[in-house]
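# Residue-level structure breakdown
Okay, here's what each chain looks like letter by letter:
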Amino acid sequence: MYRTHTCGELRAENIGNSVTLSGWVQKARVLGGMSFVDLRDRYGITQLVFDDSKNADVAKQAQELGREFVISITGEVIERQSKNSKMSTGDIEIVVDKLTILNKSEIPPFTIEDNTDGGDELRMKYRYLDLRRAPLQKALELRHKMGIEVRTFLHNQGFYEIETPYLIKSTPEGARDFVVPSRMNSNQFYALPQSPQTFKQLLMIAGYDKYFQIVKCFRDEDLRADRQPEFTQIDCEMAFVERDDILNMFENLAKHLFKSIKGFSYDGDFPKMAYSQAIEQYGNDKPDTRFGMLFNDITEMVHGKGFVVFDSAEYVAGICAEGLASYSRKELDKLIDFVKKPQIGAKGLVYVKVNEDGTFKSSVDKFFDANEQKAWAEKMGAKPGDLLLILAGNKRQTQSALSELRLEMGSRLGLMDKNTYSPLWVVDFPLLEWDEKSGRFHAMHHPFTSPKPEDLQLFDTDPGKMNANAYDLVINGVEIGGGSIRIHDKDLQAKMFKALGFSKEEAEEQFGFLMNAFKYGAPPHGGVAFGFDRWVSLFAGFDSIRDTIAFPKNNSGRDVMIDSPSNIAPEQLNELNLSLTKPTE
Ligand code: ASP
């Protein structure tokens, strides 16, 4: 028998028991005639003691142990001399009288402890070693539990989990497709699903009125902290529903996860905010509502005073950072550098210190007197001791730069507590976005999203003004999910494709199957999909989704452990009737 207990299980009440444990040697140290070993498995760590004076043979054997050796031991649980309250097993230790080395290990390339000395690439290359570390094991445990809770909740609500295929045709979610050549159908390609969108709609037409799936989706786009080329969605769809039926159902799912996973009860309904309000007040369609610091548009107040930066700006707005009037010149300069970073894109920053003594000190004292600055401070709800930070320029760019500045200040002021959850539904997104480059509209969500019923009449006159019957769930500034009520009428869907610049033939070629299905009794339907990795990472308190995924890709989309993507053999290319036009470097 390899074990009677796990390495995280033994407590003071086990003192006197004879036990067998198996696991990995995290650390081995010799102190005089005694050796101590930290034995680890995914349940925890137990301290082993080898006493030379009691069992010299075993103690000698223990001296050969190196890090990550796999061993099995039998011994007696005793009270620990120097107790460790940080460890769940810290009250006991085991005096070993039998040791079996099950497997040796080479010295691992980094320390396998909570805080490792291994850099990112190294840990990715030896991901199986990285995954032995407790923070990752906790994240995967959390992921597993969340998956179970999602399934339990949705099952109890009458949802079926139904799998949909991976080898499909393009589903437009705004990214590039990963394509897979078909050997049996020469010169033809499958696309991996960017989401199961069209299939879940077909399932509604097929009468499965509550569907969900925890499913992989594939999008070929540039990677960021919250993106992976393959990621997991909790994908859901319901028939015979209006928007609020969906919001209620999935708000309850979110509340269930808050409660069952984080022990947090959210009272009342999640707030709803129109997209336009989110942009005006937060400069962002996924506002972090854990704190205020809303935008204040002062364009009208500042124009025409001879300050060319403001005079030439389409939009001038500011935020009030509480209590920061004490910022030094150096700290303000750093903020100016921050907003000027290319990824933030502001040209400069105007500050106003609302001093404790009622005076004002700003970077634009030459152009605006104290009364004018006082009026801004009042508009921004500032108190003595606060700091106003103002950006100016093109409206959309300035809003997005100010949004970054707001988040930076929120973080500096400690307003983004990871244990507070502030959920929000963002609703009423525009249906279409005008793309200057291609000179045509793009669907802001996807082409199957229905316009709001009251906006339908704008389709022929002013399509850019239509709002979508779409919604996003945002928690703490993270877009956790989004969805919409769908178009279920073939003529409206055809109109939508036309507005998006598809010719009749292109629409037929790509989505004929769906349009056809709409001819056979499509019920009203809608749905939502949640980014499962993101949700786990939010609950884990991680900044990146990477460590919520057992085997993720790096920033270049590579799996450096298995070395993929990689070349394929010429025979394979031949079989697929493919030839490479650029030689491999
Ligand atoms: N398919 C959509 C997405 O992946 C979600 C939805 O509309 O249900 O974003």
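Please read all numbers here as calculations on a predicted model, not as lab measurements.

## Some details on the site of the ligand
Neighbouring the ligand are 14 residues, the closest being Glu 173, Gln 197, Lys 200, Gln 233 and Arg 486. One of the side-chain N or O atoms of Arg 219 is found 2.9 Å from an oxygen atom in the ligand. Between the ligand and the protein, one listed contact pairs an oxygen atom with a side-chain N or O atom of His 445 at 2.9 Å. For the ligand, whose unbound accessible area comes to 270 Å², protein coverage reaches 92%. Elements that contribute at least two residues to the shell around the ligand include exactly α5 (197-205), β21 (478-485) and β22 (525-531). Among the elements that make up the shell around the ligand, the one with the highest residue count is β22 (three residues). Residues that form the shell around the ligand fall into these classes: two nonpolar, eight polar and four charged.

## Some details on the packing of aromatic side chains
In this structure the tally under the stated criterion is 29 aromatic pairs. Here a set of aromatic residues connected by ring pairs shows up, and it is made of Phe 159, Phe 250, Phe 258, Phe 264, Tyr 266, Phe 270, Tyr 421, Phe 530, Trp 535 and Phe 539. Between the NZ or CZ atom of Arg 406 and the centre of the ring of Phe 291, over which it lies, the distance is 4.0 Å.

## A look at the pattern of salt bridges
Under the counting rule described, the total for this entry stands at 40 salt bridges. Of the charged contacts in the structure, one is a salt bridge between Glu 408 and Arg 412, with a shortest N-O distance of 2.9 Å. In this pair, Glu 408 and Arg 412 both sit in helix α12 (residues 395-412), four residues apart, roughly one turn of the helix. Here Arg 412 falls in the partly exposed class, since its relative accessible area comes to 35%. Linking Lys 452 and Asp 428 is a salt bridge whose minimum nitrogen-to-oxygen distance equals 2.8 Å. In this pair, Lys 452 sits in the loop between β19 (440-443) and β20 (470-475) while Asp 428 sits in the loop between β17 (423-427) and β18 (432-435), placing the two residues 24 residues apart along the sequence. What emerges from the salt-bridge pattern is a single network uniting Asp 120, Arg 123, Arg 127, Asp 130, Arg 133, Arg 546 and Asp 547.

## A short note on helix α15 (residues 532-540)
Summarising burial for α15: seven of the nine residues are buried, a large majority. Phi for Gly 541, located one or two positions after α15, is positive at around 80°.

## Describing the sheet that holds β20
Strand order across the open sheet formed by eight strands is β6-β9-β10-β22-β21-β20-β17-β11, with mixed pairing between neighbours. Single-partner strands in this sheet number two, and they are β6 (160-161) and β11 (272-274). By the bridge criterion, seven bridges tie strand β10 (residues 230-239) to β22 in an arrangement that is antiparallel. Note that in β22 the partner of Cys 236 across the bridge is Val 528. Here helix α6 (residues 243-262) sits on the sheet in contact with β10, β11, β17, β20, β21 and β22, set at roughly 160° to β17.

## So, a negative patch on the surface
The grouping of Glu 505, Glu 506, Glu 508 and Glu 509 at the surface amounts to a negative patch. Looking at the element boundaries, Glu 505 is found in helix α14 (residues 504-517). With a relative accessible area of 57%, Glu 505 lands in the exposed category.

## Side note on the pairing of β19
Note on strand geometry: in a regular strand, side chains alternate between the two faces of the sheet. Where β18 and β19 come together, four bridges link them in antiparallel fashion. Residue Leu 432 lies in a different strand from β19, and its bridge partner there is Ala 443. Counting the residues that bridge the hairpin from β18 to β19 gives four residues, and of these Gly 439 lies at a positive phi of roughly 65°.

## Comments concerning the sheet that holds strand β1 (residues 18-31)
Strands sit in the order β1-β2-β3-β5-β4 around a closed barrel of five strands; the barrel is mixed. Neighbouring strand axes in the sheet, compared pairwise and without regard to direction, differ in orientation by 55° on average.

## A closer look at the side chain of Lys 553
Considering the arrangement of structural elements, one finds Lys 553 in the loop between α15 and α16 (570-575). Overall, the relative accessible area of 16% leaves Lys 553 in the buried class. Beyond its immediate chain neighbours, meaning those up to four positions away, Lys 553 contacts Met 124, Gln 228, Pro 229, Glu 230, Arg 546, Arg 558 and Asp 559.

## With respect to the pairing of strand β14 (residues 350-354)
A large share of β14 lies buried, amounting to five of its five residues. Judged by which residues are buried, β14 turns out to be covered on both faces: Val 350, Val 352 and Val 354 on one side and Tyr 351 and Lys 353 on the other are all buried. Examined bridge by bridge, β14 and strand β16 (residues 387-393) share four bridges and lie antiparallel to one another. Its bridge partner lying in β16, Val 350 is registered against Ile 390. Both β14 and strand β15 (residues 360-362) contribute to a ladder of three bridges, which runs antiparallel. Within the sheet, the bridge partner assigned to Val 352 lies in β15 and is Ser 362. What sits between the antiparallel neighbours β14 and β15 is a turn of five residues, in which Gly 358 has the positive phi angle 85°.

Basis of the calculations
- The numbers attached to residues start from 1 for each chain and follow its sequence in the written order.
- Given that this is a predicted model, residues contribute local features only at a pLDDT of at least 70 and side-chain atom pairs are listed and counted only at 80 or more, while totals for whole chains, interfaces and linings are drawn from all residues.
- In computing side-chain properties, one takes all heavy atoms of the structure into account and sets aside hydrogens as well as water.
- We call a residue near a molecule or strand as soon as one heavy atom of that residue lies within 4 Å of the molecule or strand.
- Here a polar contact is taken to be a pair of N or O atoms separated by no more than 3.5 Å, where protein atoms must pair a possible hydrogen donor with a possible acceptor and residues adjacent in sequence count only if both atoms sit in side chains.
- All accessible-area figures derive from a Shrake-Rupley calculation using a 1.4 Å probe, and residue coverage is judged against the displayed protein chains alone.
- Strands are runs of DSSP state E lasting at least 2 residues, helices are runs of H or I lasting at least 4, and numbering of each runs from the N terminus.
- When residue character is reported, Ala, Val, Leu, Ile, Met, Phe, Trp, Tyr, Cys and Pro are called nonpolar, Asp, Glu, Lys and Arg charged, and the others, Gly included, polar.
- Aromatic pairs are defined between Phe, Tyr and Trp rings, using the six-membered ring for Trp, whenever the two ring centres lie within 6.5 Å; interplanar angles under 30 degrees are classed as stacked, those over 60 as edge-to-face, and all others as tilted.
- Two conditions define a charge located above a ring, namely a distance within 6 Å from the ring centre to NZ of Lys or CZ of Arg, and an angle within 35 degrees of the ring normal.
- For salt bridges, the criterion is a side-chain nitrogen of Lys or Arg within 4 Å of an Asp or Glu carboxyl oxygen.
- Buried means the residue's accessible area, taken with a 1.4 Å probe over protein chains only, is under 20% of the maximum for its type, while exposed means over 50%, and partly exposed covers the values in between.
- One requirement defines pairing of two strands: DSSP has to find at least two bridges between them.
- Residues are treated as being in contact if the distance between any of their heavy atoms lies within 4.5 Å.
- To define axes, lines are fitted to C-alpha atoms, for helices over the stretch in contact only, and angles between the resulting N-to-C directions are given on a 0 to 180 degree scale.
- Candidate patch residues must exceed 30% relative accessible area and have no salt bridge, after which like charges are joined if within 9 Å and Val, Leu, Ile, Met, Phe, Trp or Tyr side chains if within 5 Å.
- Only four residue types enter the charge count: Lys and Arg as positive, Asp and Glu as negative, with His and the chain ends excluded.
- Note on charges: their place is set at NZ of Lys, CZ of Arg, CG of Asp or CD of Glu.

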